[in-house]
Amino acid sequence: MTPADGTTAVTGPAARLLSRILRRDLLAHAYLVTGPGEDRREALAAGFAGVLLCRSPGLDEAGPAPCGTCPACGKFRRRTHPDFLEVRPDGAMIRIDQVRALCAALAFAPLEGERRVCLVHGAHRMNPEAANAFLKTLEEPPAGTFFLLTAPTARSVLSTIASRCQPVRTRAARPAETAAGLPGEPGAALAAAVLADGDPERAAAYLAPPVAEMRRRLLDAVSAEAPADPARLLELAAGLAEDREQLAAALGVMRALVRDLLLVQGGGGVSDLELANPDFAAAVRSVAARRDAADLAAFSAWLDRAEVWLERNVAPDFLAEGMLLAWWGAGAA
Ligand SMILES: [Zn+2]
């Protein structure tokens, strides 16, 4: 997706809401754009900025769009609009001097129209000093100034900042769309995209060799007809528990597997490419043939609890061993 220019409409689930807000003149002074895909977040935020600056935007029920022909649209498209300010990370972080420069610019009234738009790209990359300085401006925004922030999730931003912004979410990509943009073998790319719920950034992490290797070992182990001997299962669990990220990925692998198994058991001639794990299709079908659906539902409920435990910092080795025991326990029941 190319970044929105001054003629790009806002689309997706956020669009109707934004049209309604603009028609009723109920704009908040700050919005936090979150959701999968950095390019989607940037496109939505830039589209929204273009609409806010346009002198006569279209406000259809389907979503707002800048007129594309007024002087404001022309300047926004060329990125020369004096009332459009951007801050983006300098290297890895947004630093306090960048925030100070922004605040200094905001001391003056908007130059051209009634509105001024500040787009903060990657608000989760503000270092703590920058975030605290920005918070002061966000608490007492100058008249006519609108802040648009982008970040992967609301939780990735300082909570005091997130709580002062209205949330706007991008549309999640379908896994197959995401997989098409990933390098490497198509089956593994699709599986990574499914594990990441279509989020290209997270999907790329699932493609990294350690995660791909972990996934292969885990799927090999749990698709075996009988559990490996206890010593080997403990060894596998210890490997999964090496770090929290890997354990979270392992829970995701099992969740995607359960989804596949229930899909196959549901019948109706599911094709390999409809599976989250098309590269393990044969193993998925053989496990589906011998596993009981009620046991799988019980294991799925265990996964739900495990994700809560992981957030609450339960010991990773306890969770990893528990996961394998729950899996084989479900099979033995
Ligand atoms: Zn316009």
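Residues numbered from 1 in each chain as written. Predicted model: local features only at pLDDT ≥ 70, side-chain atom pairs only at ≥ 80, totals over all residues. Heavy atoms only, no water.

Going by an unreviewed UniProt entry, the protein chain carries the name DNA polymerase III subunit and comes from Dissulfurirhabdus thermomarina.

This next bit is on the overall build of the protein chain. Check the secondary structure of the protein chain and you find 15 helices and seven strands. Its C-alpha atoms give the protein chain principal-axis dimensions of roughly 75 × 45 × 35 Å. Split into buried and exposed, the 333 residues of the protein chain put 47% on the buried side. A separation threshold of at least 6 residues defines the contact pool for the protein chain, and within that pool the share at least 24 residues apart is 73%. (Helix = DSSP H or I, 4+ residues; strand = E, 2+ residues; numbered from the N terminus. Buried < 20%, exposed > 50% of the residue type's maximum accessible area, 1.4 Å probe, protein only. Contact = heavy atoms within 4.5 Å.)

On to the pattern of salt bridges, then. For the structure on display, the rule yields eleven salt bridges. Of the charged contacts, one joins E112 and K75 as a salt bridge, the two residues approaching to 2.7 Å between their closest N and O atoms. With E112 in the loop between α4 (96-105) and β5 (116-120) and K75 in helix α3 (residues 71-77), this residue pair connects regions lying 37 residues apart in the sequence. Classification of E112 by relative accessible area gives partly exposed; the value is 33%. According to the relative accessible area criterion, K75 is partly exposed, its value standing at 24%. The salt bridge partner of D304 is R255, with a shortest N-O separation of 2.9 Å. Within this pair, whereas D304 is found in helix α14 (residues 293-311), its partner R255 is found in helix α12 (residues 244-265), the two being separated by 49 residues in sequence. (Salt bridge = Lys/Arg side-chain N within 4 Å of Asp/Glu carboxyl O.)

Turning next to the sheet that holds β5. Strands in a sheet are paired, the pairing made by backbone hydrogen bonds, and the direction either parallel or antiparallel. One open sheet accounts for five strands, arranged β4-β5-β6-β1-β7; its pairing is parallel. A strand with exactly one partner marks an edge of an open sheet, and here the two such strands are β4 (84-87) and β7 (166-169). Direction aside, the axes of adjacent strands within the sheet are offset by 20 degrees on average. Inspection of the sheet shows β5 paired to strand β6 (residues 145-150) by five bridges, in the parallel sense. Along β6, the bridge assignment pairs L119 with L148. Across the sheet, helix α2 (residues 38-53) touches β1 (30-34), β4, β5, β6 and β7, and the angle it forms with β6 is around 170 degrees. (Pairing = 2+ DSSP bridges. Axes fitted to C-alpha atoms, helices over the stretch in contact; angles between N-to-C directions.)

What follows covers the pairing of β4. Taken residue by residue, a regular strand's side chains alternate between the two faces of the sheet. In the sheet, β4 pairs with β5 via four bridges, with the strands oriented parallel. Within β5, the position partnered with F84 by the bridge is V117. You can see the chain leave β4, run along α4 and come back into β5, and the turn it takes is right-handed. (Right-handed = clockwise from strand over helix to strand, strands pointing away.)

With that settled, consider the side chain of Q246. Mapping Q246 onto the fold places it in helix α12. A relative accessible area of 14% places Q246 in the buried class. For Q246, the contacting residues outside a window of four places in its chain are P210, M214, G239 and L240.

Here α12 spans 31 Å end to end across 22 residues, near enough to the 32 Å set by a 1.5 Å rise per residue. Its side-chain oxygen 3.0 Å from the backbone nitrogen of E245, D243 forms the N-cap of α12. Phi for G267, located one or two positions after α12, is positive at around 75 degrees. (Expected span 1.5 Å × (residues − 1). Polar contact = N/O pair within 3.5 Å; in protein donor to acceptor, adjacent residues only side chain to side chain.)

All right, on to the domain arrangement of the protein chain then. If you check the domain split of the protein chain, you get domain 1 (13-169) and domain 2 (208-332). Centre-to-centre separation of domain 1 and domain 2, based on C-alpha positions: 41 Å. (Domains from an automatic or database assignment.)

For the rest of this paragraph, the subject is the packing of aromatic side chains. In total, this model carries six aromatic pairs according to the counting rule given. Residues F299 and W327 carry aromatic rings whose centres are separated by 5.2 Å and whose planes lie at 75 degrees to one another, so their mutual orientation is edge-to-face. Of this pair, F299 sits in helix α14 while W327 sits in helix α15 (residues 316-332), and the two are 28 residues apart along the sequence. Residue classification places W327 among the buried residues on the basis of a relative accessible area of 0%. Consider the rings of W302 and W309, whose centres lie 6.0 Å apart with planes at 75 degrees: the pair is edge-to-face. Overall, the relative accessible area of 11% leaves W302 in the buried class. The class of W309 is partly exposed, set by a relative accessible area of 28%. One aromatic cluster is present, built from ring pairs that chain together F299, W302, W309 and W327. (Phe/Tyr/Trp six-rings, centres within 6.5 Å; stacked < 30°, edge-to-face > 60°.)

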